[in-house]
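# Residue-level structure breakdown
These are the residues of each chain, in order.
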Amino acid sequence: MRIGIVKLSSLGDVVHALPLATALRRGFPEAWVAWVAEEREAALLDGHPDLDAVARVDTRRWRRLARRPAGLLAAGREIAAARRRLRALDLDVAIDAQGLLKSGAIAAATGARVRIGFGAGHCRERASAAFTHRHVNPPAAARHVVDQYLALLGPLGLGPAAPEFRVPTWPEANQKMQGWLAGRGLEPGDRVVLLNPGAGRPDKRWPAAAFRAVASGLVAQPGAAAVVVWGPGEREQADAIAAGLGPAVAVAPPTDLHELAALLRRATLVVAGDTGPLHLAAAVGTACLGLFGPTAARRNGPYGARHRALESPDRTMRGIDPVAVLCAAREMLDAA
């Protein structure tokens with residue numbers, strides 16, 4: 001059997017869907033399993049032990065091209081080429097774990113004879129259900145999105161299973177991040193807290209001043225250091241958090257996805273909002289303290305018993321008290 005998982009983006013969503021690949025490998029050891037992902041997120045799947053192939057698409061680029069009349073033809077050519085690559089996967093089953101029109105269309109473009117997806121009521125874009133044949137409505141007990149994704153395996157005869165997150169390691173990235181930490185005087189065994197102030201949506205970002213207060217309080221403890229990680233367009237915010245707090249608070253260097261995973265794996269604790277690095281940290285086994293405003297921790301929190309989530313009483317990130325975050329972070333560090 002040839003099975004394809006369609007989960008395009010974003011980083012946190014791809015991380016949450018990782019147990020699908022392992023559950024399929026456990027349930028069908030002889031199956032050929034592929035994953036269709038956006039170009040940017042596909043890097044996380046490089047070398048995944050439960051995947052036989054990763055098919056890349058770049059819908060972001062297609063949209064950029066299509067905004068310009070001169071780019072329409074180029075976009076059309078790239079989409080046609082992507083469709084040929086998807087057809088060449090020769091899938092028996094495609095699982096649309098995203099529930100968007102674009103993911104549904106890509107699942108259909110594979111030509112898979114069986115296409116599984118969420119029922120319209122569970123799709124982020126209801127019309128995407130028109131592209132799938134077998135519709136799954138997760139049970140009420142599947143509150144977390146990870147469990148909802150695993151429910152998609154029901155039509156294949158696979159029952160509920162404990163989620164397994166298998167994130168590859170990339171030796172070159174590990175070596176680079178270990179060298180950077182050593183250059184900051186941080187040795188293996190030192191307690192390192194990673195702070196991630198960025199988020200894809202503005203309403204998921206906790207204020208830089210609040211992160212700064214937490215960083216200052218954490219490094220006041222002997223033997224603790226903080227590193228502020230950042231992504232595109234976030235360097236200024238990271239610098240503002242670390243400024244004037246001394247050598248115990250550092251701003252991370254620019255990282256690609258492999259290097260970010262290596263840095264998260266090395267950390268003792270990660271403090272972040274509902275964003276990809278938080279969920280990647282949980283997946284690699286690092287203790288996480290998630291900060292939640294407009295989204296619900298019950299559905300989107302870092303998955304696993306060792307993690308904690310603080311939710312804003314007014315559903316805004318500004319409603320989260322820095323003192324409460326600092327206390328929780330200290331407790332988690334002491335327990336590490």
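For clarity, every value in this text was computed on a predicted model and none was experimentally measured. (Residues numbered from 1 in each chain as written. Predicted model: local features only at pLDDT ≥ 70, side-chain atom pairs only at ≥ 80, totals over all residues. Heavy atoms only, no water.)

Considered for burial, the residues of helix α5 (residues 101–109) that qualify are S103, G104, I106, A107 and A109. Looking one or two residues past α5, G111 carries a phi angle of roughly 75°, positive in sign. (Buried < 20%, exposed > 50% of the residue type's maximum accessible area, 1.4 Å probe, protein only. Helix = DSSP H or I, 4+ residues; strand = E, 2+ residues; numbered from the N terminus.)

Two measures describe an aromatic ring pair: the distance that separates the ring centres and the angle between the ring planes. Under the criterion given, the structure shown has 3 aromatic pairs. Their ring planes at 40° and their centres at 6.4 Å tell us that F118 and Y149 sit as a pair that is tilted. Of this pair, F118 sits in strand β5 (residues 114–118) while Y149 sits in helix α6 (residues 145–150), and the two are 31 residues apart along the sequence. Take F118: its relative accessible area is 6%, and that puts it in the buried class. Ring geometry for F165 against Y303: centres 6.0 Å apart, planes inclined by 50°, an arrangement best described as tilted. Highlighted residues: F165 in the loop between α6 and α7 (171–183) and Y303 in the loop between α12 (297–300) and β12 (308–311), separated in sequence by 138 residues. In this structure, R2 is placed above the aromatic ring of W32, and the distance from its NZ or CZ to the ring centre is 3.8 Å. (Phe/Tyr/Trp six-rings, centres within 6.5 Å; stacked < 30°, edge-to-face > 60°. Lys NZ or Arg CZ within 6 Å of the ring centre and 35° of its normal.)

Turning to the pairing of β5, a few remarks are in order. Within β5, 4 of the 5 residues are buried, which leaves it mostly tucked inside the rest of the structure. Where strand β4 (residues 93–96) and β5 come together, 4 bridges link them in parallel fashion. Bridged to V93 within β5 is V114. One crossover worth recording links β4 to the parallel β5 by way of α5, and it is right-handed. Two elements, β5 and strand β6 (residues 134–136), share 3 bridges in a ladder whose sense is parallel. Note on β6: the bridge partner recorded for G117 is H135. (Pairing = 2+ DSSP bridges. Right-handed = clockwise from strand over helix to strand, strands pointing away.)

A sheet is described by the order of its strands in space; here 6 strands give the open sequence β9-β8-β7-β10-β11-β12, paired in parallel fashion. Where the open sheet ends on each side, the last strands, each with one partner, are β9 (249–251) and β12. In this sheet, adjacent strand axes meet at a mean angle of 20° when their direction is disregarded. In the packing of helix α11 (residues 276–283) onto the sheet, contacts are made with β7 (191–196), β10 (269–273) and β11 (287–292), and the angle to β11 comes to roughly 155°. (Axes fitted to C-alpha atoms, helices over the stretch in contact; angles between N-to-C directions. Contact = heavy atoms within 4.5 Å.)

This paragraph deals with the side chain of E41. Relative to the elements of secondary structure, E41 occurs in helix α2 (residues 39–42). By relative accessible area, which is 3% here, E41 ends up buried. Excluding its chain neighbours within four sequence positions, the residues that come into contact with E41 are L8, S9, S10, L11, V14, R60 and L257.

What follows covers the packing of helix α4 (residues 69–88) against α5. Contact geometry of α4 with α5 gives a least axis separation of 8 Å together with a crossing angle of 60°. In terms of axis orientation, α4 runs oblique to α5. Residue-level inspection shows R83, L86 and R87 of α4 in contact with α5, the latter providing I106, A108 and A109. In terms of residue class, the contact of α4 with α5 is made up of 4 nonpolar, no polar and 2 charged. (Parallel < 35°, antiparallel > 145°, perpendicular 65-115°, else oblique. Nonpolar A, V, L, I, M, F, W, Y, C, P; charged D, E, K, R; others polar.)

Quick look at the environment of A199 now. Along the chain, A199 falls in the loop between β7 and α8 (208–219). Expressed as a C-alpha distance, the spacing of A199 and P277, which sit 78 residues apart in the sequence, is 9.1 Å. Discounting chain neighbours no more than four positions away, the residues touching A199 are K204, R205, E234 and T275.

Taken as a whole, this structure holds 18 salt bridges when the rule is applied. For the salt bridge of D50 with R166, the shortest nitrogen-to-oxygen distance reads 2.9 Å. Note that D50 is positioned in the loop between α2 and β3 (53–57) and R166 in the loop between α6 and α7, a separation of 116 residues in sequence. Judged by relative accessible area, which is 2%, D50 ranks as buried. Note on R166: relative accessible area 30%, which makes it partly exposed. The shortest N-O distance in the salt bridge between D334 and R191 comes to 3.8 Å. Taken as a pair, D334 in helix α13 (residues 322–335) and R191 in strand β7 lie far apart in primary sequence, 143 residues in all. The exposure class of R191 is partly exposed, given its relative accessible area of 21%. One network of salt bridges, in which partners are shared, links E39, D46 and R56. (Salt bridge = Lys/Arg side-chain N within 4 Å of Asp/Glu carboxyl O.)

Spatial ordering of the open sheet is given by β3-β2-β1-β4-β5-β6, a layout of 6 strands whose pairing is parallel. Each end of this open sheet is capped by a strand with a single partner; those strands are β3 and β6. Looking at each pair of strands side by side, their axes are set apart by 20° on average, direction ignored. Sheet contacts for helix α1 (residues 11–27): β1 (2–6), β2 (32–38) and β4; angle to β2, the most-contacted strand, approximately 170°. Of the strands in this sheet, β1, β2, β3, β4 and β5 are in contact with α5, which crosses β4 at around 175°.

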